[in-house]
Amino acid sequence: MRIGFIGFGKMGSALASSLKKSGEKTVIFDRNKEVLAKAKQGGFEAAGSASETAKKSGIIFVCVKPQNLAETLSEIKSNAGGKIVVSIAAGKKISSMKSVLGEAKIVRVMPNINALAGASMNVFTAENLNSAEKKTIKGILEKCGSAVEMPEEKFDSVTALSGSGPAFVARFVEALAEAGQKNGLGKSEALELALQTVLGTAKLMKEKGFGTEQVVEMVSSPNGTTVAGRKILEQGEFKKIIFETVSAARKRSEELGR
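Note that the structure is predicted; figures quoted are calculated from it, not measured. (Residues numbered from 1 in each chain as written. Predicted model: local features only at pLDDT ≥ 70, side-chain atom pairs only at ≥ 80, totals over all residues. Heavy atoms only, no water.)

1. What about the packing of aromatic side chains?
(1) Moving on: A full pass over the atoms with the stated rule returns three aromatic pairs.
(2) Moving on: Look at F8 and F44: their rings are 5.1 Å apart centre to centre, the planes differ by 70°, and that puts the pair in the edge-to-face class. Taken together, the residues span a long stretch of sequence, with F8 in the loop between β1 (2–6) and α1 (10–21) and F44 in the loop between α2 (33–41) and β3 (45–46) at a distance of 36 residues.
(3) Moving on: Given the relative accessible area of 10%, F44 is considered buried.
(4) Moving on: Lying across the ring of F44, K20 places its NZ or CZ 5.2 Å from the centre. (Phe/Tyr/Trp six-rings, centres within 6.5 Å; stacked < 30°, edge-to-face > 60°. Helix = DSSP H or I, 4+ residues; strand = E, 2+ residues; numbered from the N terminus. Buried < 20%, exposed > 50% of the residue type's maximum accessible area, 1.4 Å probe, protein only. Lys NZ or Arg CZ within 6 Å of the ring centre and 35° of its normal.)

Printed below as a string of structure tokens:
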């Protein structure tokens, strides 16, 4: 079974590349001829149109911008009957897809750009899929990282946290590395230390099951260096800034869905 990708931008290409590496058969289409040509050079099978992609695919990922979703769904409708249509368009609800496709098999996914490293957080919700089909979708998404099913009413928050989150984490890494530089480290040294620290802390918490407070306490010796740094971080507006950042992203997701 081929998995089709309509739209081969940053997110579409990240997901398609992860699946291709895992051995899945893919076929892709993008309106940008240069993008399509590069995809062919990269070994992807390319279709000549969105409708052709849908015709050749058993599962159709629609990875276009939110404002182009309805038009694209209209193009593939005649070739999507009985197939699973997956949208990654931020803010666009299943109801808006049904208004074009009718009672089709529809999945809405919020992935993130970490799919490029096979480490995406993929949250999905589905309608008109049986348990076997949901299992298939979950299995496909897990080839790009992790996958979890959640109700659609949580998707604006999901978009803000894990969808936009890599950009926020990257800014934190940047700030941590720059602080290291200003305290005597070389640029590359500081970046390497910051990256491995963030990666290692995430692995420690996810794989070993440590909570945030446990990690904080494990590193904090009485009157030590960590405690001195924590006083600045915890007395400042760090949590407030993060809250406002995620809230602003959530608000924009809600606006896109109207």
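2. So, the side chain of T72
(1) Moving on: Relative to the assigned elements, T72 resides in helix α4 (residues 69–76).
(2) Moving on: Exposure remark for T72: the relative accessible area of 2% places this residue in the buried category.
(3) Moving on: T72 has contacts with I6, R31, V62 and V64, leaving out every residue within four places of it along the chain. (Contact = heavy atoms within 4.5 Å.)

3. Focus on the pattern of salt bridges
(1) Moving on: One pass over the structure, following the stated rule, counts 17 salt bridges.
(2) Moving on: Notably, a salt bridge pairs E45 with R2, separated by 2.9 Å at the nearest N-O pair. Here E45, found in strand β3, pairs with R2, found in strand β1; they are 43 residues apart in sequence, far enough to count as distant.
(3) Moving on: Overall, R2 belongs to the partly exposed group, its relative accessible area being 33%.
(4) Moving on: Two residues, E133 and K105, come together in a salt bridge whose shortest N-O distance is 2.5 Å. Here K105 lies in strand β6 (residues 105–110) and E133 lies in helix α6 (residues 131–142), a separation of 28 residues in the sequence.
(5) Moving on: Among the charged side chains, a salt-bridge network with shared partners connects R2, E45, E52 and K56. (Salt bridge = Lys/Arg side-chain N within 4 Å of Asp/Glu carboxyl O.)

4. Some points on α4
(1) Moving on: Looking at α4, one finds that the buried residues are L69, T72, L73 and I76. The arc that holds every buried residue of α4, seen down its axis, measures 100°, which confines them to one face.
(2) Moving on: In this structure, the buried side of α4 is in contact with β1, α3 (50–56), β4 (59–62), β5 (84–87) and α5 (94–101). (Arc of directions from axis to C-beta.)

5. A look at the nonpolar core
(1) Moving on: One finds F5, F61, L73, I76, V85, V107 and I137 to be the most contacted residues of the largest nonpolar core, which totals 49 residues.
(2) Moving on: A total of five residues in this core trace back to one element, the largest contributor, which is α1.
(3) Moving on: Filtering out sequence-adjacent residues up to four positions away, V85 remains in contact with I60, V62, L73, I76, A80, M97, L101, K105, I106 and V107. (Core = buried A, V, L, I, M, F, W, Y, C linked by side-chain atoms within 4.5 Å.)

6. A closer look at a nonpolar patch on the surface
(1) Moving on: Together, F172, L176, L233, F238 and I242 give the surface a local cluster of nonpolar side chains, amounting to about 420 Å² of exposed area.
(2) Moving on: Elements represented by at least two residues in the nonpolar patch include exactly α8 (165–182) and α12 (238–256).
(3) Moving on: By the element assignment, F172 lies in helix α8. (Patch = residues over 30% accessible without salt bridge, like charges linked within 9 Å, V, L, I, M, F, W, Y side chains within 5 Å. Areas by Shrake-Rupley, 256 points an atom, 1.4 Å probe, with all protein chains shown as cover.)

7. Re the sheet that holds β3
(1) Moving on: Read across the open sheet, the eight strands follow the order β3-β2-β1-β4-β5-β6-β7-β8; overall the sheet is mixed. Single-partner strands in this sheet number two, and they are β3 and β8 (145–149).
(2) Moving on: The sheet contact formed by strand β7 (residues 120–127) and β8 spans five bridges and is parallel. In the strand pairing of β8, N122 is matched with A147.
(3) Moving on: The sheet contacts of α6 involve β1, β4, β5, β6, β7 and β8, and relative to β8 the element is tilted by about 150°. (Pairing = 2+ DSSP bridges. Axes fitted to C-alpha atoms, helices over the stretch in contact; angles between N-to-C directions.)

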